[in-house]
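Architecture and fold: a report
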Amino acid sequence: MNMIWNAFAKKLFGTKYEKLIRTLMICLIVFLGLRNAGFQIQISPFIIYLMTTTFTAGVMWQALSSADNAAAMQHMLMLPFQRQEFVFSYTAALGAYTILTKTATLLAIVFAVSIRTPAEFLGSILCAVHAALIAAVLFSLKKCRYLAILWLAAVIAAALFLWNTQWFLPALSADSAFALLLLRNADGYSFYRPNGTNSLTVTSHRRCIIWHYLFRYLNAHKNYWMNTAVLWCVACVLPQFFKQTEGLFILPIGFAILCLNTPICILLSCDPALEQAVRFLPDQKKSFCMPYCLFIFVCNMTADVIFLCSWQIQIGGITVFIILISIFFALLSAVCSVLLEWFYPIRNWSIESDLWHHPRKYLVPAAMLLLAGIVGAII
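Thresholds applied
- Residues numbered from 1 in each chain as written.
- Predicted model: local features only at pLDDT ≥ 70, side-chain atom pairs only at ≥ 80, totals over all residues.
- Heavy atoms only, no water.
- Axes fitted to C-alpha atoms, helices over the stretch in contact; angles between N-to-C directions.
- Helix = DSSP H or I, 4+ residues; strand = E, 2+ residues; numbered from the N terminus.
- Left-handed = near helix turned anticlockwise from the far one by under 90°.
- Contact = heavy atoms within 4.5 Å.
- Phe/Tyr/Trp six-rings, centres within 6.5 Å; stacked < 30°, edge-to-face > 60°.
- Patch = residues over 30% accessible without salt bridge, like charges linked within 9 Å, V, L, I, M, F, W, Y side chains within 5 Å.
- Areas by Shrake-Rupley, 256 points an atom, 1.4 Å probe, with all protein chains shown as cover.
- Salt bridge = Lys/Arg side-chain N within 4 Å of Asp/Glu carboxyl O.
- Buried < 20%, exposed > 50% of the residue type's maximum accessible area, 1.4 Å probe, protein only.
- Arc of directions from axis to C-beta.
- pLDDT = per-residue confidence, 0-100.

Another aspect to go through is the packing of helix α3 (residues 45-64) against helix α6 (residues 118-140). When two helices pack together, their arrangement is given by the angle between the helix axes and the distance between those axes. For the pair α3 and α6, interaxial distance at closest approach is 8 Å and the crossing angle is 30°. You can see that α3 and α6 cross each other, and the crossing is right-handed. Taken together, the residues of α6 that come into contact with α3 (itself represented by Pro 45, Ile 48, Tyr 49, Thr 52, Thr 53, Thr 56, Ala 57, Met 60, Trp 61 and Leu 64) are Ala 119, Glu 120, Gly 123, Ser 124, Cys 127, Ala 128, Ala 131, Ala 132, Ala 135, Ala 136, Leu 138 and Phe 139.

As structure tokens, this is what we get:
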């Protein structure tokens, strides 16, 4: 078991666990900095449990779905292994990676800005462990989807009714033990999901080849489209939050918020093979960067158009000048994102989850927010 654990753990944490040590040091610095700042807010225990569970389960599912993990697992499955040893080692490695490098950051922030009891701290840890186990079990039950859905519904219902009672922690522990029993009967092959995105080929016209590739890549990663759909929903309801402010100076902030579609801004970092081809083949810099910039601009502009239409319907007062500002923000965000991807791509990530939560993704949105404040003050 130690051999399988070490194989996965060193891939996730580094050969000498340097990534884990660095992350824990960052968590400690963030905790001490926020605690010494004296900033305190009231957070209900139910909200903490809900945040911990959903965040951990989401990151764990991303780690289980990682194409890079699928490639590594393919080589591991070629070797002889014991079923239970493989399943528990793989789940433990991904669970430890999720909780210690991702959930730990969230809990460090939450516990730094709010006063929590030891019981609530223990409950948060149990929620994280329980969420990781639930995600692993649901991922392995691909042939029993209806049973998995019923079990998930029962877990949600129990959490809603028991979170404020003395039975919450025992129930959480019992369900975690049940999840371990299910994992005991799982097979290592149930965690292997072959990913065909690395072999995407395009046999279309030369001028449309990049757009075809981008759309096919996004279709292979449905969570990217989900992020875009969420932004469109935000664009619809954003005027409701801004309607209490008088004047149109708040609109540039809305344009900056809608530039936060970060998954489509790291497509070069997501696919190292594509980056290698773009950099080494002749005339690929111009052939790739211009269509990619136009693609991001269209995505940003679509969200801005929805936002402007919603504003005009609910509040009114949209002018040609405001439309030009929206075009400026959408285009500038696209250009900056492509330049950042070209000159400073994200490398040395273990699995896609590291890439999706990398701080570099938010440099362009943060710059857009600062620029929106300046533009809003002018108009």
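This part covers the packing of aromatic side chains. For any two aromatic rings, the description comes down to two numbers: the centre-to-centre distance and the angle of the planes. All chains considered together, the criterion is met by 9 aromatic pairs. A centroid spacing of 5.0 Å and a plane angle of 20° characterise the contact between Tyr 49 and Phe 168, whose relative ring orientation is stacked. Here the residue Tyr 49 occupies a position in helix α3, and Phe 168 occupies one in helix α8 (residues 168-184), the gap between them amounting to 119 residues. Here a set of aromatic residues connected by ring pairs shows up, and it is made of Phe 255, Phe 307, Trp 311, Phe 328 and Phe 329.

The next subject is a nonpolar patch on the surface. Nonpolar side chains collect at one region of the surface, where Leu 331, Val 335, Leu 339, Phe 343 and Tyr 344 lie side by side and expose about 500 Å² of accessible area between them. Inspection of the secondary structure assignment puts Leu 339 in helix α15 (residues 320-343). Overall, the relative accessible area of 45% leaves Leu 339 in the partly exposed class.

Before going further, it helps to examine helix α13 (residues 272-280). Among all positions in α13, only Leu 274, Glu 275 and Val 278 are buried. For α13, the buried positions fall inside an angular range of 100° around the axis, keeping them on one side. α13 presents Ala 273, Gln 276 and Phe 280 as exposed residues on the side facing more than 90 degrees away from its buried surface.

This part is about the confidence of the model for the protein. On average, the protein scores 79 in pLDDT, and the residues at 70 or more come to 83%. At the low end of the mean pLDDT range in the protein sits helix α4 (residues 67-77), at 63; at the high end sits α15, at 90. Below a pLDDT of 50 lies the segment residues 196-207, which in the model reaches 11 contacts outside its immediate sequence neighbourhood of four places, other chains included.

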